[in-house]
Amino acid sequence: MCFMAIPAARLAAYLALAADLLCINSTLACADVNATLSVDLGKPTTNIPMNFFGLMTEEINHAYDGGLYAELIQNRSFQDPSRNTSGMPVHWSTIGSGTVTIDRSNPVNSALPVSLRLDLSGDKLGVANDGYWGIPVHPDTTYTATFFAKADGGFAGPVTASLQSEDGATSFASAGTPQIANGWHKYALNLKTDHSAPATASAKFVLSASGSGRIWFSLVSLFPPTYQQAPNGLRPDLMQLMSELKPKFIRLPGGNYAEGSRFADRFNWKQMIGPSDTRPGHMGCWGYRSSDGFGLPEYLLWCKQLGAEPVLAVFAGYVLNGDHFKAGSQEMALYTQEALEEIEYISGPATSKWGKRRAEDGFSEPFPLHYVEIGNEDWFDRSGSYDGRFTQMARAIRERYPRLKIIATAPVSSFKPDMYDDHFYRGARQLVQMATMYDKPSGPAAALTFNGGGWNGRQPDGIKTFVGEWAAQEGRPTPNLNSALGDAAFVMGLERNSDAVLMECYAPLLVNVSPAIPDKGYPKAMQWNTNLIGYDALHSFGSASYYAQVMLAQNKGDAVLQAHLDGMAATSAGADARTLFATATLSKSDKAVLVKIVNFGDSAADIEIRLNGPAHIEPNGTAIVLTGEPDWVNTVDEPLKVAPRQEPIANAAASFHRTFSPHSFTILRLTAR
Ligand code: AHR
C-alpha cells in the first residue's frame, strides 16, 4: 500500500537509503573528549539570509486531509467507493431504517457528481461519518456543519446534524435545519458542545431525518474552530507547532505530489482554486484521494498566517510513472503557460486576470514570490528530457518575470539556473559527516558530482543551493534523538555556509500517526517512515528533530562567526573526530553570541570555549540543551520526552569551560558588549 504509487526507480532509491540506515552507528566513540572551541568575535563573515529556514510540504501521510486542513469529514463528497458489503462509500454508515443508495444521476455540479439518497420509510434514517481516524470532540466548542441537501416525495425537513459517541448512545451536540427545498441548497448549522463533553475522538458525525419521502446529501462538511478563525482553515495545534519553527518560506506543493503518478493526477492548480464545492479533488500520489479542499488558496492562507512566502514548484511535464513530454511539444507549451498563470495567481496584482481570481479567493494583496522551482527530483527522468523541459520553462519565466530566481531539480546545461535543489535522506551519522560538505575547500575543490538527489558540494559561477528536502531517518514515525543530533549538525553546517546555501527545509513535515483499523476501512495513515511533526485526531507533538530545529530557528543570528574546534581526539585513542561539531553566529541587534555544539558521541565532552575579540562577555547567559538516550522518540503519549530545557550560565567569560552531555545538542546564548 505505502509505495503503491511510486515508480520502481524511485522505490529502489528509497530502499537504498533504508539500507544505508542499517549500517550506521558502528563507530561511536566511547571516551572522554577534551577540546577547545575558539570563536572569533571580531570578524562576522557570512550574513545569514532572512529566509534561511522554511517548511517543505505535500499531501503525504494525511498531511492536509486528516491533518493540517481542519475538515473533519472523510470522503465528504462520497467519491471513494465502498470497501465492504454495505455498499456505502467508505467512512460512511447507515443508522436507522430505510434505504441509502449512492446516486450519480443528481449531481450538484460537475465537481460533485455523487450524492447519497435516503429513502425514508416512516422512521428515523441517517448517515454517519467516522472522520479521519475518529472525529475529535472537545468541550465548550462550536463546530460548523455544512452540506448540500434536497428533498422530494413529501419530505420537507428538518434534518438533524449531531456529534455522537461511536455507539450512538450519547449526543455531544446537535442542531436542526429549517425546511429542506426541492432543489440543491447549501445548509449550515452550528453544533456546540457543552462543558461536560469529553475530549475524545471516539465519536461520529450524523445527519438524520424522520418521516417519509426522499432526501439527498452531497459535500458534507464539519469544521472545528480553525487557526485565526479562517473559513476553510487550518488546524490550530499544528499551526502553533509550525509557528515555533519561524518558517520564512513554504516549498509547495511538493515533492512527488507536485508531479502526480499520472498526467491525469498531476497538481492541476486550476482545479484547486475557487470555492471548495467547485473543486473535484484528485488521486494523490501517496495512495489516497485528495479532496483538494486544501488547494492553492489554502497554501497561501498558510503562508500568510505564518508570515512565510511561497517557494513555488511548478509542474514541469514529468509524472512519477516516467511519462513526460519533450520540450517544444504542445503539452509543454500548455504547462509553461499554466506555470506563468500560476505565478500570476500568486504574485500578480488584483487587476491581472489570475490575480483577480486570487482576490476572489480572499487575498486581495499579491504574495511576495522570489523563487520558482521547475519540477521535482527530475533526476528520476532517465530519458534526459529535463534539460529541454527546464530550459523551455525557465526561458519563459525569465522573460515574463525577470526578477524571479529559478531553481533546477537536476543537472541542466542549456540554461543556467539560479539555484539547485539538493535532497538528502540519510542516517544520522552520515548527516553529521555531511555537515562540512558545503564548506569552501581549503585546497583545490573536489570535482562536483550529482549523486541520487544532490550535488556533493557548493556550486561554482554564482549558482546557489537550496537544500529542499533532507532528514536523518532514524526513528519511526518521527525521528529519534540520534536523528535530531545529526539533523542539528547538518543544519549548522548549512547555516555556516549560507553564502552558498540560501535556504533549507526538512521533509516530510507532517505525519498522521494513526494505525490501520481494517474493520473501519482505515489503512495506516502514514506512508513515509520518518517525519517532523506527528498527530492523530486529538493530539499533536513535535519530534526530537522538531525541537532541534526550533532551537536553531529561534537562535539563528544574522551573521556567521568563525569557529574552530581543536583537540577532539586528544584524550583517548579511538575517539571519533566527528563526534563533536560546533559553529557560532552573532545576533547583532541584541549582541548575542550563539555557540552551537552537537555532541553526537556517547561520552561527555569537556570543552574550553574561547571567545576571541575586544568585546566584554557578560557572565550570565543561557544554555538551551536537548539531550537524552539516542533512541528516544516523542509520541502522542510522551510528547515532550525529548524537548529542550534551559539552564542558566553564570561563568561565561572570554575563556570558560563547559561539559556537554553525551548525545546532546546545546546552544549557548551569551552576550558580548
Ligand atoms: O519527502 C518525501 C518524498 O521524497 C518527496 O515527495 C520526494 O520529492 C522525495 O523523493
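Residues numbered from 1 in each chain as written. Predicted model: local features only at pLDDT ≥ 70, side-chain atom pairs only at ≥ 80, totals over all residues. Heavy atoms only, no water.

1. Focus on the pairing of strand β8 (residues 171-176)
- Relative to β8, strand β7 (residues 160-165) is paired through five bridges, and the arrangement is antiparallel. Across the sheet, residue Leu 163 finds its bridge partner in β8, namely Ala 173.
- If you look at the hairpin formed by β7 and β8, you'll find five residues sitting between the two strands, and Gly 168 has a positive phi there, around 80°. (Pairing = 2+ DSSP bridges. Helix = DSSP H or I, 4+ residues; strand = E, 2+ residues; numbered from the N terminus.)

2. Regarding the layout of surface pockets
- Taken as a whole, the second largest pocket encloses approximately 580 Å³ of empty space.
- Every residue lining the second largest pocket is counted, 27 residues in all, and those nearest its centre are Phe 223, Ala 230, Pro 231, Asn 232 and Glu 298.
- Residue assignment for the lining of the second largest pocket shows that the elements contributing at least two residues are β6 (142-152), β10 (203-223) and α4 (296-306).
- Top contributing element to the lining of the second largest pocket by residue count: α4, with five residues.
- When the residues that make up the lining of the second largest pocket are grouped by side-chain class, the tally is ten nonpolar, ten polar and seven charged.
- Mapping the lining of the second largest pocket onto the domain boundaries places at least three of its residues in each of domain 2 (92-223) and domain 3 (248-417). (1 Å grid on protein atoms, 1.4 Å probe; cavity = no way out; pocket = protein on both sides within 12 Å on 5 of 7 lines; lining within 4 Å. Points joined across faces, edges and corners; volume = space filled by probe spheres on them. Nonpolar A, V, L, I, M, F, W, Y, C, P; charged D, E, K, R; others polar. Domains from an automatic or database assignment.)

3. Some details on the side chain of Asn 232
- Structurally, Asn 232 can be placed in the loop between β10 and α2 (236-243).
- Note on Asn 232: relative accessible area 19%, which makes it buried.
- At 2.5 Å, the side chain of Asn 232 forms a polar contact with the side chain of Tyr 69.
- Reaching out from Asn 232, the side chain makes a polar contact with the side chain of Glu 298 at a distance of 2.9 Å.
- In contact with Asn 232, not counting residues within four places along its chain, are Tyr 69, Phe 223, Ser 276, Arg 279, Gly 293 and Glu 298. (Buried < 20%, exposed > 50% of the residue type's maximum accessible area, 1.4 Å probe, protein only. Polar contact = N/O pair within 3.5 Å; in protein donor to acceptor, adjacent residues only side chain to side chain. Contact = heavy atoms within 4.5 Å.)

4. Regarding the nonpolar core
- Grouped together as the largest cluster of nonpolar side chains are 136 residues, with contacts concentrated most on Met 242, Trp 302, Ile 374, Ile 533 and Phe 665.
- At nine residues, the largest contribution of residues to this core is made by helix α9 (residues 481-496).
- For this core, the domains that each give at least three residues are domain 1 (8-47 + 554-671) and domain 3 (248-417).
- Contact partners of Trp 302, with chain neighbours within four places excluded, come to Leu 55, Thr 57, Tyr 64, Leu 68, Leu 234, Met 239, Met 242, Ile 250, Phe 294 and Leu 509.
- Residues Ile 73, Phe 155, Val 159 and Phe 217 belong to the second largest nonpolar core, which totals 39 residues. (Core = buried A, V, L, I, M, F, W, Y, C linked by side-chain atoms within 4.5 Å.)

5. Things to note about the domain arrangement of the chain
- Each assigned domain of the chain is listed with its residue range as follows: domain 1 (8-47 + 554-671), domain 2 (92-223) and domain 3 (248-417).
- Once you take the C-alpha centre of each, domain 2 and domain 3 turn out to be 36 Å apart.
- On the domain 3 side, the residues contacting the six residues of domain 2 number four residues.
- Carbon and sulfur atoms make up 53% of the surface buried where domain 2 meets domain 3, a total of about 360 Å² over both sides.
- Ranking the residues of domain 2 by area buried against domain 3 places Asn 109, Ala 111 and Leu 219 at the top, with a combined share of 68%.
- On the surface where domain 2 and domain 3 come into contact, there are one salt bridge.
- Put simply, Lys 186 and Asp 277 hold a salt bridge, and the shortest N to O gap is 3.5 Å.
- Across the side of domain 2 that touches domain 3, the residue classes tally to four nonpolar, one polar and one charged. (Buried area = accessible area lost by both parts, 1.4 Å probe. Salt bridge = Lys/Arg side-chain N within 4 Å of Asp/Glu carboxyl O.)

6. Overview of the sheet that holds strand β20 (residues 464-472)
- Pairing is parallel across the open sheet formed by eight strands, whose spatial order is β2-β11-β14-β15-β16-β17-β20-β21. The sheet terminates laterally at β2 (54-56) and β21 (501-504), the two strands that pair on one side only. Ignoring strand direction, the axes of neighbouring strands in this sheet form an average angle of 25°.
- The pairing of strand β17 (residues 419-426) with β20 spans eight bridges and is classified as parallel. Pairing of Tyr 425 across the sheet is with Ala 471, part of β20. (Axes fitted to C-alpha atoms, helices over the stretch in contact; angles between N-to-C directions.)

7. Comments concerning the packing of aromatic side chains
- Inspection of every chain in the model, using the stated rule, returns 37 aromatic pairs.
- For the ring pair Phe 363 and Phe 367, a centre distance of 5.5 Å and an interplane angle of 70° mean the geometry is edge-to-face.
- For Phe 363, a relative accessible area of 8% puts it in the buried group.
- The buried category is assigned to Phe 367, whose relative accessible area is 9%.
- Members of the aromatic cluster, joined through ring pairs, are Tyr 64, Tyr 69, Phe 223, Tyr 257, Phe 267, Phe 294, Tyr 299 and Trp 302.
- The ring of Trp 216 carries Lys 150 above its face, with NZ or CZ at 4.8 Å from the centroid. (Phe/Tyr/Trp six-rings, centres within 6.5 Å; stacked < 30°, edge-to-face > 60°. Lys NZ or Arg CZ within 6 Å of the ring centre and 35° of its normal.)

8. With respect to the environment of Glu 399
- Along the chain, the position of Glu 399 falls in helix α7 (residues 386-400).
- By relative accessible area, which is 69% here, Glu 399 ends up exposed.

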